[in-house]
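# Structural overview
Below, each chain spelled out in residue letters.
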Amino acid sequence: ESTKTATTRLLFCTTGVLLRRLQDDPDLIGISHVVVDEAHERDILCDFLLILLREALQRRMDKKVVGELRVIVMSATINANRFSDYFFGAAVVNVPGFTHPVDDWYLEDVLEATQHRILDGSPCAMRPGNNGGGGHTKMAVTGRGGRQTTVTAEWGSGGGEVEAGVSPTWVEGLYDGFSEPTRKSLRRVDESIINYDLIEDLLLYIESFEPKRRALSDEKMDGKGGVLIFLPGIGEITTLADRISSSHAFTREHKLDVVAAHSSLSTADQRKIFRKVAWGERKVVLATNIAETSITIEDVEYVIDAGRVKETAYDERTRLRRLQDTWIDCASMRQRRGRAGRVRPGVCFHLYTKQLAAHHLDKHKRPEIQRAPLEDLCLQVKVMGHDDVAAFLANALDPPSAGAVQSALLTLIEVGALSLPEAAAKPQEASRSQGKPIAATSQAGPFAQLTPLGHHLSKLPVDPHVGKMLIYGCIFGCLDPILTIAATCAYKTPFAGSFGSRAQVDAARLKLAGPSPRSDLILAAAAFALWEAGQAERGGSEKVCREYSLSEPTLRQLRDLRRQFSDLLGTMGFIPRKPSFQGNRGGSAMPQVEEKGYWDANSKSEEVVCAVACAGLYPNLMQAEGQTGQVSWFNLKERNVAVHPSSILRNRKDFQPGALLAFHTKVATSRTYLMDATEVSANAALLFGGAISIDHAAARVTLDSWLTLSVPARTAVLIRELRKELKGLLAKKITDPRGLDIGLAGAPLVKAAVALLRDYEKAS
């Protein structure tokens, strides 16, 4: 985008760049063709773009806009007919590609070839139903390599053996061509369970199978073929790696070079995926779905597909993200299969039955617009002049639910990006005062209006929480650490998920955090600052990464995001810019943000940084209850929430009842956990939180009708006035975005707010 000039005829850009163009020019005047690639991925921005392109085409069809526009939607695994129907019966063009032939083996074939058996009570067998009075016990069984496995023996009320449950994909007579032990295994198998024993048996089988297979092939192949094993997550990768490394069969007789491929790898671990192995060794890559399309490993000849994937689901009612282990779709199955045929003929071993693949997998992945938060999307729809967001999104290829849209709009109201007219706001406050979640009313859609903050947030192509954090970081003078915190929230933590070294990462984080850490996000900012300082000397940044177990690729990405955020804030006029004397290829000067100024005056104040983080994260706030050192966390919606085991705050023993934590995300596994948490003061929560109600006589302030805090009446009144001043400052910035000096105009407000926050810091 930055290299575009008046002579540009073809622009390669992200979806976000085109969406920003559509904000100012919804008819794309002067554009003749738009090519949308990888449309099968169906992320939120892609679906939003398709709605807008369809509307632009419709206006041309209705003769409301003059000029031709052609839209080409491309993908290797697209449902072409659905997209054709969506775009008014558009023509479909099939372009044949080439891959080497791949043989498909399904679970029934694998069981028959390896003679692997799934017995009653096996962890991979279906559990029996309630048999009314039976029982069970756990038994340790010694298996391959001296390894002990725990199995469950079960019996019925009459003392006889109870048969294991029947697989839901079992069809009587379908497997008559297979041996009886294989048929019994298929009848009782639970295909959703990762069968590590079967994977080991299959790796051993490949050792004897490969010479016979190659003898029948016309192609000359040197060395042992690599194996790519698809597993759902890092936990399963670690489990299988540990089992292989402790198995005598693979440490003595058949040497394997086991490497991992997932999104949290360090640079050194990433390089291992592509390196050549020693003669006589076989490379085994244990991968998540990142290896479906992102990378090509040239020596892979075999794919073992467990058929499972970890996918983020979003509950619009609880606003809770859940990481779910679920089946892949048919498109992913084809992508995984294709990894075996990229550079040579291969074999794909599917660890699920052909019956399940044909009749139980979804054809395509569920679109992200139906399973992810919609706050940023709803804000963009509002900015483009569509008052009824739900009606606009109903035009999507696969529309989101009405509940998801309402939940997003209500979150935007809580963030302060939207506001309701007074009449519409009263039912919301009534719900709060009764201790209930805010009601999802239809008024939250057409009648909600953009606030001054919402206008500014709409210009930042980030989650509204992150955008609010950035704007407040400018105003309150702590932009440097907030840039890193915002980038971490938008991307991921800089701490590396080194293969097999979780304890090392935890020790490094503790070393950097000190004895009484306050925030996972401030820790990330400190790590980035150390890495950046290390770049001043040769090899310094690499040394920092090794010492504190940091991922250099992630740090580089965070650096790029910081620059993008800083550039956007400069464009919006929140920080001044200076001209650069280095022109780009088009010859124009690229303005750069000045390095230091009022926007960094309070960057060293931990209290101010935590408060601004709270401003962005709100309403993600919880209070401690219980006893000092043994607290759990609660808010209006739920109780008994814990800090995630990966958090630097998990070992804090000095949290007292009444303490407050702001958090970035919440995940539910065996329990609900807070991720990326930050300790905040009561003054910070009141200054940057939701609606407040002051009880002067009792010296109490209630936040959003659920959180009651003891605050002197004078302080409460000051907080209320400061909130009004902040809203007024943002409103002035809309009318005069370039002329208003936010540092000068906001100086009295910032001075009073910082004094208030620091007074609390001293008192505590």
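Residues numbered from 1 in each chain as written. Predicted model: local features only at pLDDT ≥ 70, side-chain atom pairs only at ≥ 80, totals over all residues. Heavy atoms only, no water.

## Quick word on the overall build of the protein
When helices and strands are counted, the protein shows 27 helices and 24 strands. Looking at the 764 residues of the protein, the share that counts as buried comes to 49%. (Helix = DSSP H or I, 4+ residues; strand = E, 2+ residues; numbered from the N terminus. Buried < 20%, exposed > 50% of the residue type's maximum accessible area, 1.4 Å probe, protein only.)

## Structural notes on the packing of aromatic side chains
When we look at a pair of aromatic rings, we describe it by the centre distance and by the angle of the planes. One pass over the structure, following the stated rule, counts 18 aromatic pairs. Pairing Tyr 472 with Phe 476 gives two aromatic rings, centres 6.1 Å apart and planes at 55°, and the pair type is tilted. The exposure class of Tyr 472 is buried, given its relative accessible area of 7%. A residue is classified by how much of its surface remains accessible, and Phe 476, at 2% relative accessible area, is buried. Counting every residue linked through ring pairs, the aromatic cluster contains Trp 105, Tyr 205, Phe 209, Tyr 302 and Phe 349. (Phe/Tyr/Trp six-rings, centres within 6.5 Å; stacked < 30°, edge-to-face > 60°.)

## As for unusual backbone geometry
Along the chain, Tyr 618 connects to Pro 619 via a cis peptide bond; the corresponding omega equals 15°. If you trace the backbone, Pro 619 turns up in the loop between helix H23 (606-617) and strand S17 (621-627). Here the phi dihedral of Gln 115 falls at roughly 60°; this positive angle occurs in a residue that is not glycine. Mapped onto the elements of the fold, Gln 115 is located in the loop between helix H4 (107-114) and strand S4 (135-142). In the Ramachandran plot, Asp 704 falls in the positive-phi region, its phi being about 50° despite a non-glycine side chain. Within the element layout of this structure, Asp 704 appears in the loop between strand S23 (700-703) and strand S24 (707-710).

## With respect to helix H12 (residues 375-383)
In terms of burial, H12 is a largely internal element, seven of the nine residues being buried. For H12, the set of buried residues is Glu 375, Leu 377, Cys 378, Leu 379, Gln 380, Val 381 and Lys 382. Gly 385 sits one or two positions beyond H12 and adopts a positive phi of about 95°.

## Considering the confidence of the model for the protein
Reading predicted coordinates in detail is not appropriate for stretches of low pLDDT. A residue-level look at the protein finds 85% of positions with pLDDT of 70 or above and a mean pLDDT of 84. The weakest mean pLDDT in the protein belongs to S4 at 40; the strongest belongs to H4 at 97. A low-confidence stretch, residues 130-164 stays under pLDDT 50, and its non-local contacts, those more than four residues away or across chains, total 65 contacts. Low pLDDT (under 50) marks residues 579-591, which in the prediction has 16 contacts with non-local residues, meaning those over four places away or in another chain. (pLDDT = per-residue confidence, 0-100. Contact = heavy atoms within 4.5 Å.)

## Structural notes on the sheet that holds S23
Within a sheet, neighbouring strands are paired by backbone hydrogen bonds and run either parallel or antiparallel to one another. Sheet architecture is open: three strands sit in the order S22-S23-S24, paired in antiparallel fashion. Sheet topology places strand S22 (692-695) and S24 at the edges, where each strand pairs with a single neighbour. Direction aside, neighbouring strands of the sheet carry axes that sit 20° apart on average. Looking at chain direction, S23 and S24 are connected through four bridges and run antiparallel. Following the sheet pairing, Val 701 is matched in S24 by Leu 709. Seen against the sheet, helix H25 (residues 713-735) touches S22 and S23 and runs at an angle of roughly 155° to S22. (Pairing = 2+ DSSP bridges. Axes fitted to C-alpha atoms, helices over the stretch in contact; angles between N-to-C directions.)

## Concerning the side chain of Glu 191
Positionally, Glu 191 belongs in the loop between helix H5 (180-188) and helix H6 (196-215). At 9.1 Å, Arg 308 is the nearest oppositely charged side chain to Glu 191, a buried residue that forms no salt bridge. From its side chain, Glu 191 meets the backbone nitrogen of Thr 353 in a polar contact 2.7 Å long. (Lys, Arg positive; Asp, Glu negative; His and termini not counted. Salt bridge = Lys/Arg side-chain N within 4 Å of Asp/Glu carboxyl O. Polar contact = N/O pair within 3.5 Å; in protein donor to acceptor, adjacent residues only side chain to side chain.)

## Some remarks on the sheet that holds strand S3 (residues 102-105)
Across the sheet, which stays open at both edges, the six strands sit in the order S3-S12-S9-S6-S8-S7 with parallel pairing between neighbours. The open sheet has two edge strands with one neighbour each: S3 and strand S7 (256-261). Going across the sheet, the axis of each strand differs from the next one's by a mean of 20°, ignoring polarity. Sheet analysis places S7 next to strand S8 (residues 282-287), joined by six bridges and oriented parallel. For Leu 256, the partnering residue across the bridge sits in S8 and is Arg 282.

## Some words on the packing of H4 against H5
In contact at an axis separation of 9 Å, H4 and H5 are set at 140° when each is read in the N-to-C sense. The orientation of H4 with respect to H5, classified from their angle, is oblique. Crossing of H4 over H5 shows right-handed handedness. Residues Leu 107, Glu 108, Leu 111 and Glu 112 of H4 touch H5, and the partners they reach there are Thr 182, Ser 185 and Leu 186. (Parallel < 35°, antiparallel > 145°, perpendicular 65-115°, else oblique. Left-handed = near helix turned anticlockwise from the far one by under 90°.)

## A closer look at the pattern of salt bridges
Inspection of every chain in the model, using the stated rule, returns 36 salt bridges. A salt bridge links Asp 25 to Arg 21; the shortest N-O distance between them is 3.3 Å. On the basis of relative accessible area, Asp 25 is assigned to the buried category, the value being 17%. Overall, Arg 21 belongs to the partly exposed group, its relative accessible area being 31%. Ionic pairing is found between Glu 679 and Arg 652, a salt bridge with its closest N-O pair at 3.3 Å.

## Comments concerning the packing of H6 against helix H7 (residues 234-245)
Each pair of packed helices can be described by the angle between their axes along with the distance between the axes. Contact geometry of H6 with H7 gives a least axis separation of 11 Å together with a crossing angle of 55°. Put simply, H6 runs oblique to H7. Between H6 and H7 the crossing geometry is right-handed. Where H6 approaches H7, its residues Tyr 196, Asp 197, Ile 199, Glu 200 and Leu 203 are matched on the opposing element by Glu 236, Thr 239, Leu 240, Arg 243 and Ile 244.

## Quick look at the environment of Pro 517
Within the secondary structure, Pro 517 is located in the loop between helix H19 (502-513) and helix H20 (520-534). In this structure Pro 517 comes out as buried when scored by relative accessible area, which is 10%. Each residue touching Pro 517, except ones within four places of it in the same chain, is listed here: Ile 648, Leu 649 and Arg 652.

## Regarding the nonpolar core
In this structure, Tyr 472, Ile 475 and Trp 633 are the most contacted members of the largest nonpolar core, which totals 142 residues. At ten residues, helix H2 (residues 44-61) tops the list of elements feeding residues into this core. Core analysis: the second largest hydrophobic core is formed by 36 residues, Ile 229, Leu 256, Leu 286 and Phe 349 among them. (Core = buried A, V, L, I, M, F, W, Y, C linked by side-chain atoms within 4.5 Å.)

## Concerning a nonpolar patch on the surface
Taken together, Val 35, Ile 72 and Met 74 make up a surface patch of nonpolar side chains, about 230 Å² in accessible area. Considering the arrangement of structural elements, one finds Ile 72 in strand S2 (residues 70-73). (Patch = residues over 30% accessible without salt bridge, like charges linked within 9 Å, V, L, I, M, F, W, Y side chains within 5 Å. Areas by Shrake-Rupley, 256 points an atom, 1.4 Å probe, with all protein chains shown as cover.)

## Concerning the environment of Pro 446
Looking at the secondary structure, you find Pro 446 in the loop between helix H15 (422-433) and strand S14 (449-450). Sequence-wise, Pro 446 and Lys 382 are 64 residues apart; in three dimensions their C-alpha atoms are separated by 9.4 Å. Residue contacts for Pro 446: discarding those within four places in its chain leaves Lys 382, Asp 387 and Asp 388.

## Re the environment of Val 609
Note on placement: Val 609 falls in helix H23. Of the residues examined, Val 609 reaches a relative accessible area of 4% and is grouped as buried. Separated by 71 residues in sequence, Val 609 and Val 680 have C-alpha atoms that sit 9.6 Å apart. If sequence neighbours within four positions are ignored, Val 609 has contacts with Cys 478, Pro 481, Ile 482, Ile 485, Ile 522, Asn 602 and Ser 603.

## What about the pairing of S8?
Side chains on a regular strand alternate between the two faces of the sheet. Among the six residues of S8, six are classified as buried, and the element is accordingly described as predominantly covered. What you see with S8 is no split at all: Arg 282, Val 284 and Leu 286 on one side and Lys 283, Val 285 and Ala 287 on the other are buried throughout. Relative to S8, strand S6 (residues 226-230) is paired through four bridges, and the arrangement is parallel. What sits directly across from Ile 229, in S8, is Leu 286.

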